[in-house]
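Summary of the model geometry
Here are the chains, one letter per residue:
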Amino acid sequence: MSTEEKIGSSPTSSTSFEMVDAVSEYEPVSHHWFFNKPAEVKACWTPLSKEDSQKLEEAYTRGLDLDKIVIAIDGGRYDVLLGERLRYAVYWEEKLSEVRRCSWFHKGDKDNKYIPYTEDFSAELEEAYKLAVTQNQWKQTLSSPYRDVIILHNPKLMVHYYPVGEPDEWGVTPTEMGRPRTVKRGIEAIGVEIPSGEPAQVDHLVFMVHGIGPACDLQFRSIIQCVKDFRFISLNLVHSHFKKAQDEMKIGRVEFLPVDWHSALHADANGVDSDIQRITLPSITKLRQFTNETLLDLFFYNSPTYCQSILDTVVKEMNGLYKLFQQRNPEFKGKVSVSGHSLGSLILFDLLTNQKDLSKHDDDKTKFLDPDAKDLDDTLTLQEVLQHLELSELRSVFEKEKIDKKALALCTESDLKAIGIPLGPRKKLLNYTKNRSIAQTCSQTSGTCAEQNAPRDKAELSLPPKNLVNYKYFDVGIGQISVNYPQLIFEPDFFFALGSPIGMFLTVRGLKRIDPDYRLPTCRGFLNIYHPFDPVAYRIEPMVIPDQEFEPMLIPHHKGRKRMHLELKEGLSRMSTDILGSLKTAWESFTKHPVQVQALQSEGPEADTGLDNQANDVDLKVEDATSPEKEETPQINVGMLNAGQRFDYVLQETPIESFNEYLFALQSHLCYWESEDTALLILKEIYQSMGITLDQTLQ
């Protein structure tokens, strides 16, 4: 039996569908833009938001030169080359993905998801559909570029037949047809969920730094994918918890951008992976590979060479992202914060403790040209240096001898004398090169020259002479390697540490206590957020107040209540405390008044009133003493690390996690990327600084 006979004898071509009323009017199909996710084994087409699709459609229908049109989508994180139909990431490295203007779809083989036809073939299908509608000529048959057969039976029944099997070695496609696929016209017919668009206004920018290894969660996803989830969660929380402020156009959204340093550290140019591979044992290959990709990052950070590389990469990435974000968002007037997970939080903490307070430095470049200044700007030209030193007349001499700033730094007094520089100018130039050399030496070590030359106390003398961090207000120095801390071009407003080992590392480095007056030089606030079962997380507040025991701040549930199992646990604990307190009170009342009890037994019922009153007095006194409303909550001074506010915040474990702490330990360390409670706490801190609070029903 031929293919045509099989198709004609299929149930879909029964006589019940042969008579179809003609449609009086033809309505053109509506188009929607899709993109194919990169790095997918098979096609996975995802619709763009309504706003982004509309922007692409408007640009497409203008009829301009499409090869020169670039449209920003997804909140400006991606650009679309409209002529080439390509979508690429702006702020990070990612494979290019195809973009398609879609109108006709067919159902897939296994996942039942609808796949769009190519734009050219969709146009052919639309022409055939238009002819069938206007002239009532159904049973239209078309062949796709892959020798598939599409039959338009009627507006509600269109099917796609495809060959079974793969082409042979001669490229001949088999004629045996498989099960028909459903064909749909228009995005409304396939029932796909169109994602919500994002507000154009960006209120705050947050850089998120990952921890050890290339994977950030149990699904082995990269920092880019995890931050995407965190961004999506925070956007939904803004819609649900700050609805009033958003409806009043007071706020827009918070932008989260990933900072990847692991790829640069393990790049081929660095060579560290190949060096480690040469000394790796051949046994237990997968476990050793996991160790090389993840756990070794901890040792790299304690290595002078690779620690410097990590710090330089993180600062370079954040500075570059900040400049690029400003270029693409010139109207952005908000602040910038940073967030680090695991080792990433320690990297940020070390960086922020070694930043210079820009508010205490003069921005005038002439300050750095002062011969007596300790900080000299390397970006100034030799001509500007000579102009400030009032030696502009020597410019022709230096040009003739081809002397630039680097050559000037190598010149001795005899060299300057040999080219005819008088004594006075020679002294000025030598003094300049001397101070410039001192400034460069100071910048390569932690702290200023004055701090390095200052006498140390006994605690510092017991530690290595060079420290990783020069903490001005800490009790002791930090016994660690010496590196050059690069500077950020912005001052972070807040620092959020997620699952952070900062407290443990500071303790291991030799730090006993953080002075309450200490604060990050350029960062206003700090929060240490952790899960109670996270094996990597440590508290920091006890390092400020070592002599007092107190609990961390409990992070509220994003639905505005405490989890039920925690409330039940507290209720049972309070009930047992009340019962024990009542028994203790009764026993003390009995032992303190044995005479009255004996008198009561001998005198009879007329003595009941006095003893009852006395017992009531005792009960009232105990109640007043134990009443939670009248207990005074002690004020805890945790220092200025978070501007005088508490900064250790603990998440609430879920009911299933409370059954076995060890079973969910690893998951607890990787839970922050999908935690609504974590995202909401960050949003509350950000918008609180802008005078925006949660909706009253959720406070």
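Structural data are supplied above this passage.
The notes below deal with the structure included here.

What counts and how
Residues numbered from 1 in each chain as written. Predicted model: local features only at pLDDT ≥ 70, side-chain atom pairs only at ≥ 80, totals over all residues. Heavy atoms only, no water. 1 Å grid on protein atoms, 1.4 Å probe; cavity = no way out; pocket = protein on both sides within 12 Å on 5 of 7 lines; lining within 4 Å. Points joined across faces, edges and corners; volume = space filled by probe spheres on them. Helix = DSSP H or I, 4+ residues; strand = E, 2+ residues; numbered from the N terminus. Nonpolar A, V, L, I, M, F, W, Y, C, P; charged D, E, K, R; others polar. Salt bridge = Lys/Arg side-chain N within 4 Å of Asp/Glu carboxyl O. Buried < 20%, exposed > 50% of the residue type's maximum accessible area, 1.4 Å probe, protein only. Pairing = 2+ DSSP bridges. Axes fitted to C-alpha atoms, helices over the stretch in contact; angles between N-to-C directions. Contact = heavy atoms within 4.5 Å. Parallel < 35°, antiparallel > 145°, perpendicular 65-115°, else oblique. Phe/Tyr/Trp six-rings, centres within 6.5 Å; stacked < 30°, edge-to-face > 60°. Lys NZ or Arg CZ within 6 Å of the ring centre and 35° of its normal. Core = buried A, V, L, I, M, F, W, Y, C linked by side-chain atoms within 4.5 Å. Left-handed = near helix turned anticlockwise from the far one by under 90°. Patch = residues over 30% accessible without salt bridge, like charges linked within 9 Å, V, L, I, M, F, W, Y side chains within 5 Å. Areas by Shrake-Rupley, 256 points an atom, 1.4 Å probe, with all protein chains shown as cover. Disulfide = S-S within 2.5 Å. Polar contact = N/O pair within 3.5 Å; in protein donor to acceptor, adjacent residues only side chain to side chain.

This brings us to empty space enclosed by the protein. With the rule as written, the count across this model stands at one cavity of 30 Å³ or more. Space inside the largest cavity adds up to approximately 50 Å³. Looking at the largest cavity, the residues that line it are Glu-198, Arg-231, Ser-234, Leu-235, Val-238, Arg-253, Val-254 and Leu-683. The set of elements that each furnish at least two residues to the lining of the largest cavity consists of helix H5 (223-241) and strand E14 (253-259). Tallying contributions element by element places H5 first for the lining of the largest cavity, with four residues. Among the residues making up the lining of the largest cavity, the classes are represented as four nonpolar, one polar and three charged.

What follows concerns the pattern of salt bridges. A side chain of one charge can pair with a side chain of the opposite charge when the charged atoms of the two come close. Across all of its chains, the model carries 25 salt bridges by this definition. The salt bridge involving Arg-87 is made with Asp-74; its shortest N-O contact spans 3.5 Å. Note that Arg-87 is positioned in strand E5 (residues 86-89) and Asp-74 in the loop between strand E3 (70-73) and strand E4 (78-81), a separation of 13 residues in sequence. Pair check on accessibility: Arg-87 and Asp-74 agree, each one buried.

Our next topic: the sheet that holds strand E8 (residues 114-116). In sheet architecture, strand pairing relies on hydrogen bonds along the backbone and comes in two forms, parallel and antiparallel. Strand order in this open sheet of six strands is E8-E7-E12-E11-E10-E9, and the pairing throughout is antiparallel. At either margin of the open sheet sits one strand with a lone partner, and together these are E8 and strand E9 (140-143). On average, each strand axis in the sheet is inclined to that of its neighbour by 30°, with strand direction left out of account. In the sheet, strand E7 (residues 104-107) pairs with E8 via three bridges, with the strands oriented antiparallel. Following the sheet pairing, Phe-105 is matched in E8 by Pro-116. Along the sheet face, helix H3 (residues 119-135) touches E7, E9, strand E10 (149-154), strand E11 (157-161) and strand E12 (181-185) and points at about 170° away from the line of E9.

For the pair helix H8 (residues 272-279) and helix H9 (residues 285-301), interaxial distance at closest approach is 12 Å and the crossing angle is 105°. Looking at the two axes, H8 sits roughly perpendicular to H9. Across from Val-272, Ile-276 and Gln-277 in H8, the residues of H9 making contact are Asn-292, Leu-296 and Phe-300. Class assignment of the residues belonging to the contact of H8 with H9 gives a composition of four nonpolar, two polar and no charged.

Take the packing of aromatic side chains next. Counted according to the given criterion, the structure contains 17 aromatic pairs. Seen from their ring centres, Tyr-129 and Trp-138 are 5.9 Å apart, and the 75° between their planes marks the pair as edge-to-face. On the basis of relative accessible area, Tyr-129 is assigned to the buried category, the value being 11%. A centroid spacing of 5.1 Å and a plane angle of 40° characterise the contact between Tyr-322 and Phe-490, whose relative ring orientation is tilted. Of this pair, Tyr-322 sits in helix H10 (residues 304-328) while Phe-490 sits in the loop between helix H18 (458-461) and strand E16 (494-498), placing them 168 residues apart in sequence. With respect to class, Tyr-322 is no different from Phe-490; both count as buried. Three or more aromatic residues joined by ring pairs make a cluster, and in this case those are Phe-349, Phe-495, Phe-526 and Phe-647. One residue, Arg-87, lies across the ring of Phe-35, its end atom 3.9 Å from the ring centre. The ring of Tyr-78 is capped by Arg-87, whose NZ or CZ atom sits 3.6 Å from the centre of that ring.

Let us now look at the nonpolar core. With 111 residues, the main nonpolar core has Phe-207, Val-314, Met-318, Ile-347, Phe-495 and Ile-502 as its most contacted residues. Among the elements that make up this core, the one with the highest residue count is H10 (10 residues). Apart from the residues lying within four places of it in its own chain, the contact partners of Phe-495 are Val-338, Gly-340, Ser-345, Leu-348, Phe-349, Leu-352, Ile-502, Leu-520, Cys-523, Gly-525, Phe-526 and Leu-527.

You can see Leu-666 is positioned in helix H24 (residues 665-669). Taking relative accessible area as the criterion, Leu-666 reaches 55% and is therefore assigned exposed. A sequence separation of 131 residues divides Leu-666 from Pro-535, and the C-alpha atoms of the two residues are 7.5 Å apart.

With that out of the way, let us pick up the packing of H5 against helix H25 (residues 676-688). Running from N to C, H5 and H25 cross one another at 65°; their axes reach a closest spacing of 9 Å. Crossing hand, H5 versus H25: right-handed. Seen from H5, the contacting residues are Phe-230, Ile-233, Ser-234, Leu-237, Val-238 and His-241; seen from H25, they are Glu-676, Thr-678, Ala-679, Leu-680, Ile-682, Leu-683 and Tyr-687.

Here the phi dihedral of Ile-284 falls at roughly 35°; this positive angle occurs in a residue that is not glycine. Summarising the element assignment, Ile-284 is placed in the loop between H8 and H9. In this model, Ala-643 sits at a positive phi of 55°, which is unusual for a non-glycine residue. Mapped onto the fold, Ala-643 is located in the loop between helix H23 (608-626) and strand E19 (648-650). Its relative accessible area of 42% is what places Ala-643 among the partly exposed residues.

In terms of strand pairing, E7 meets E12 through three bridges, oriented antiparallel. In the sheet register, Trp-104 faces E12, and the bridge partner there is Arg-185.

On to a nonpolar patch on the surface, then. Residues Ile-284, Leu-287, Phe-290, Leu-295, Leu-298 and Phe-299 make up a contiguous nonpolar surface patch of about 580 Å² in total accessible area. Of note, Leu-295 is situated in helix H9. Taking relative accessible area as the criterion, Leu-295 reaches 35% and is therefore assigned partly exposed.

What the rule picks out here adds up to zero disulfides. Lacking any disulfide linkage, Cys-216 is separated from the closest cysteine sulfur, that of Cys-226, by 4.7 Å. By relative accessible area, which is 5% here, Cys-216 ends up buried.

Now for the sheet that holds strand E15 (residues 335-341). If you walk across this open sheet you meet the seven strands as E14-E13-E15-E16-E17-E19-E18, and the pairing is parallel. The strands lining the two open edges of the sheet, one partner per strand, are E14 and strand E18 (553-554). The sheet strands contacting helix H11 (residues 343-352) are strand E13 (202-209), E15 and E16, and the helix crosses E15 at an angle near 135°.

By the element assignment, Ala-128 lies in helix H3. On the basis of relative accessibility, which here comes to 10%, the residue Ala-128 falls in the buried class. Between the alpha carbons of Ala-128 and Trp-138 there is a distance of 9.0 Å; along the sequence they are 10 residues apart. Not counting residues within four places of it along the chain, the set of residues in contact with Ala-128 comprises Gln-140, Leu-142 and Leu-152.

Residue placement: Asp-79 occurs in strand E4. In this structure Asp-79 comes out as buried when scored by relative accessible area, which is 7%. A polar contact of 2.8 Å, which involves the side chain of Asp-79, links it to the side chain of Arg-328. If we skip the residues at most four places from it in the chain, Asp-79 touches Val-70, Ile-71, Ala-72, Leu-86, Arg-87, Tyr-88, Val-90 and Arg-328.

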